[in-house]
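Chain residues, written in single-letter form:
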Amino acid sequence: MKRLFFLFFVVLFLNFALLTTFLSTHTFAQESVETLTEIVVTATRVEESPQDVTQDITVITKDDIEKKGVEFITDALESYTDIGIVQNGGVGKNATLFLRGGSPNQVLMMIDGVKVKSPTTGSLDLAGIIIDDIERIEVIKGPQSTLYGSEAMAGVINIITKKGKGKPKLTVSAEGGSFSTYKTTASISGAKDVWDYRVTASYFDTGGISAAKSGTEADGYTNKSISTKIGLMPSDKLGIELNLKYFEDVSELDSYSWGVGMVDDLNYVQDGKHYLISAKSMLSVLDSYEQTLTLSSIGDNLKFEDPDTSSNRTSIDTTMQTVDWQHNLYIKDTTWTGGIEYRKEAGEIKDNFNKEVDNKAFYLNGKVKLADDSFILNAGLRNDEHKTAGIKTTYRIGGLYDFKPHGLRLKGNFGTGFRAPSLNELYYPFFGNTNLKPEKSESYDIGIEKDLYVDRLLLNAAYFNQQYQDIIEYDFETFTAQNVGKAEVKGIELGLAATITEDVNLKASHTNMDTVDKDSNKPLTRRPTNKFNSSIEYKGGKFIAIGEYTYVSERYDSAVSRNLSQYSLVNLKGRYFISDSITLFARVDNLFNENYEEAGNYGVPGVSAFGGVKVEF
């Protein structure tokens, strides 16, 4: 590990030296290497420039997503080295996300600011989220429980969906490829006077691959999705936004056999129905004061059917309702954000339990700009009262100093986080424990960002350290869930983005991470010590070509009690603009047909190719 880490620094230094020499002897156009999203909203719950955010953030734009030419959010996120995606088989199979080593139920997922997860498992299955209506994805790293409460221990990922703009526009696309994959999408959007609207519908179907690595029978997946966003802004003082998302999916699964592992199951099927409804009103009483009220409801219905066995038959129904009333006060160079939140979670697993819990919270955050906006301080606290976990108070403080004449920015943050037990951990028969305490954490990070050669070369580095206590684990002495776990996650993140010429852009990132379960003294499951990604993009007239390389080191998988082998992937992407309204696109995944595992004993796709066309009217 140390040798690999040392070699990376050597390679990074040599690349930096070569780029410095190249950049100092060549003249370039004034186009920036990367245009940052002008506004982000997740870091402090108010609109602000990314340059004013004290936390370590990543903003993934719709252009970034479209260039990848992928269908699902899992594919859009997997190349980022601080994010780990683990999917139990091919497309449509259960997919979970790790952020900076935080487990899937320690990372809060949101869609347009609405918390989305399964109350029974405590995390979100990402498998069915299609990317067609995504405007951008904001990744805020480090503890965010101060503003968002439970599950935000390692960070927050907020998926912002598109809204209608300009004249009415119809967009349709169709694509197909390996494994008998087919997808078609249509959307209509626009805005007029005080209204804006967007409706997107898609259909996806694939024959798939075997979910079991040793299997031979392909496990297919079908997804039918529709989403709507409608906005009404009768004045600059009042606005209303309505979001509706619904999708149905059917996924063929494989089974676990004791003493053997994952094996083919010819008739095991998961049938899901999922919805999200939210309404948000915005009112500016004064120029310096505004408030928002958000009501949301999400729900999932999962049915598992297998005529060959009785153990693979059940149904799961979950719902989560949230009310959030937020107030923003702007006084000179200070922004105050405060609010109250109520959330009710309910879950029923057939023949096991039917329970619900609620949580009440208030939060307050203050942000001040000093020294001609060069120095920014951001601090906040939150108090949560959970039905079973009790009262928990969290806090966070962050700072940023911008050495503006030198293109150098320094950041630092410290904060606490917590996670309330899920319904499964509380109530599942022969496992649940109603006396569980919330998991808790203390974390800090420091970072540096440097712009060189008028934004021709961007460098960043960050160190993070996260301490977890009272982790909920299965106790073999009591045969129930207990607060027995302790863990530490620490690491270094490095990034580079460079414009080699007007037509060629280069990006590279690396995360080196040490994780340890302090009870077993083993690494935390499925967290690689090293993950490296690089991409090179060429723009030539109407053509864009991208090559991506990803390396993931060996990592321990507790589900199979062994290390998963390291692997490397090469992907190719291409887009050709026939006209302003017609685009052809194609991609090749896993070009060299790497045989690897994301999760022990589960299959992954080999070399595969896809292509399609997009038309706008």
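Residues numbered from 1 in each chain as written. Predicted model: local features only at pLDDT ≥ 70, side-chain atom pairs only at ≥ 80, totals over all residues. Heavy atoms only, no water.

Undergrad: In this structure, what is going on with the overall build of the protein chain? I would like to understand it.
TA: A tally of helices and strands in the protein chain yields five helices and 33 strands. Here the C-alpha radius of gyration of the protein chain, 24 Å, is about what a compact globule of 617 residues would show, namely 25 Å. Here the protein chain holds 617 residues, and 53% of them are scored as buried. Pairs at least 24 apart in sequence give 60% of the contacts found in the protein chain among residues at least 6 apart. On the protein chain, roughly 27,500 Å² of surface is accessible, and the fraction owed to carbon and sulfur atoms is 58%. (Helix = DSSP H or I, 4+ residues; strand = E, 2+ residues; numbered from the N terminus. Rg over C-alpha atoms; globule rule 2.2 N^0.38 Å. Buried < 20%, exposed > 50% of the residue type's maximum accessible area, 1.4 Å probe, protein only. Contact = heavy atoms within 4.5 Å. Areas by Shrake-Rupley, 256 points an atom, 1.4 Å probe, with all protein chains shown as cover.)

Undergrad: How do you make sense of the environment of N601 when you look at a structure like this?
TA: Positionally, N601 belongs in the loop between β32 (582-589) and β33 (608-616). Sequence separation of N601 and K411 is 190 residues, and the distance between their C-alpha atoms is 41 Å. In this view, N601 contacts A211, A212, K213, G261, M262, V560 and R562; residues no more than four positions away in its chain are not counted.

Undergrad: Before we go on, may I ask you to explain a nonpolar patch on the surface in this structure?
TA: A cluster of nonpolar side chains, contributed by L293, L295, V323, W325, I340, Y342, F362, L381 and Y395, occupies part of the molecular surface with about 790 Å² of accessible area. Sorting the residues of the nonpolar patch by element identifies β16 (289-305), β17 (314-331) and β18 (334-349) as the ones contributing at least two each. With respect to the helices and strands, the residue L293 is situated in strand β16. In this structure L293 comes out as partly exposed when scored by relative accessible area, which is 34%. (Patch = residues over 30% accessible without salt bridge, like charges linked within 9 Å, V, L, I, M, F, W, Y side chains within 5 Å. Salt bridge = Lys/Arg side-chain N within 4 Å of Asp/Glu carboxyl O.)

Undergrad: What is the right way to look at the pairing of strand β8 (residues 169-177) in this model?
TA: Taken residue by residue, a regular strand's side chains alternate between the two faces of the sheet. Pairing between β8 and strand β9 (residues 181-192): nine bridges, direction antiparallel. What sits directly across from G176, in β9, is Y182. Between β8 and β9, which pair antiparallel in sequence order, lie three residues; one of them, F179, sits at a positive phi of approximately 60 degrees. By the bridge criterion, seven bridges tie β8 to β33 in an arrangement that is antiparallel. Paired with S173 across the two strands is K614, which belongs to β33. (Pairing = 2+ DSSP bridges.)

Undergrad: Explain the pattern of salt bridges to me, please; I cannot follow it from the model alone.
TA: It is possible for side chains bearing opposite charge to pair when their charged atoms get close. This structure, assessed with the given rule, holds 43 salt bridges. Notably, a salt bridge pairs D324 with R45, separated by 2.8 Å at the nearest N-O pair. Taken together, the residues span a long stretch of sequence, with D324 in strand β17 and R45 in the loop between α1 (2-24) and β1 (56-61) at a distance of 279 residues. Across the pair, exposure class does not vary: D324 and R45 are buried alike. Here K237 ties to D287 by a salt bridge, and the two come within 2.7 Å at their closest N and O atoms. In this pair, K237 sits in the loop between β11 (219-235) and β12 (238-252) while D287 sits in the loop between β15 (269-286) and β16, placing the two residues 50 residues apart along the sequence.

Undergrad: Can you walk me through the nonpolar core in this structure?
TA: Side chains of a nonpolar character, in soluble globular proteins, are inclined to be buried together. Counting 38 residues, the largest nonpolar core has I73, L77, I83, L97, L126, I137 and I157 as its most contacted members. Of all the secondary structure elements, the ones that give two or more residues to this core are α3 (73-77), β2 (83-87), β3 (95-99), β4 (107-111), β6 (134-141), β7 (155-161), β24 (457-475) and β25 (480-499). Apart from the residues within four sequence positions on either side, L77 is in contact with I60, I83, I85, L97 and I137. Membership of the second largest hydrophobic core comes to 11 residues, among which are F304, I349, L423 and Y427. (Core = buried A, V, L, I, M, F, W, Y, C linked by side-chain atoms within 4.5 Å.)

Undergrad: Mind showing me how you'd approach the sheet that holds β6 here?
TA: Sheet strands associate in pairs through backbone hydrogen bonding, adopting either a parallel or an antiparallel arrangement. The sheet built from five strands is open, its strands ordered β1-β6-β7-β4-β5 with mixed pairing. With one partner strand each, in any of the chains shown, β1 and β5 (114-115) form the two edges of the open sheet. The pairing of β1 with β6 spans six bridges and is classified as antiparallel. If you follow I57 over to β6, its bridge partner there is I140.

Undergrad: Hey, could you run me through the packing of aromatic side chains in this one?
TA: Aromatic ring pairs are defined here through the distance separating the ring centres and the angle between the ring planes. For the structure shown, the criterion picks out 13 aromatic pairs. Judged by centre distance (6.1 Å) and plane angle (15 degrees), the rings of F431 and Y474 are stacked. With a gap of 43 residues between them, F431 in the loop between α5 (423-427) and β23 (439-452) and Y474 in strand β24 connect regions that are remote in the sequence. You can call F431 partly exposed: its relative accessible area is 25%. Grouping aromatic residues by their ring pairs yields a cluster made of F72, F204 and Y221. For K355, the ring lying beneath its charged end belongs to Y427, and the centroid distance is 5.3 Å. (Phe/Tyr/Trp six-rings, centres within 6.5 Å; stacked < 30°, edge-to-face > 60°. Lys NZ or Arg CZ within 6 Å of the ring centre and 35° of its normal.)

Undergrad: Sorry, what's going on with the side chain of N328 here?
TA: Looking at the element boundaries, N328 is found in strand β17. By relative accessible area, N328 is classed as buried at 3%. Discounting chain neighbours no more than four positions away, the residues touching N328 are V46, S288, Y289, E290, W336 and T337.

Undergrad: For this particular structure, what's the right way to read the pairing of strand β22 (residues 408-419)?
TA: Where strand β21 (residues 390-403) lies against β22, eight bridges are found, and the strand directions are antiparallel. Bridge assignment links G399 to a residue of β22, and that residue is G412. One ladder, built from 12 bridges, connects β22 with β23; its direction is antiparallel. Paired with G417 across the strands is S441, a residue of β23.

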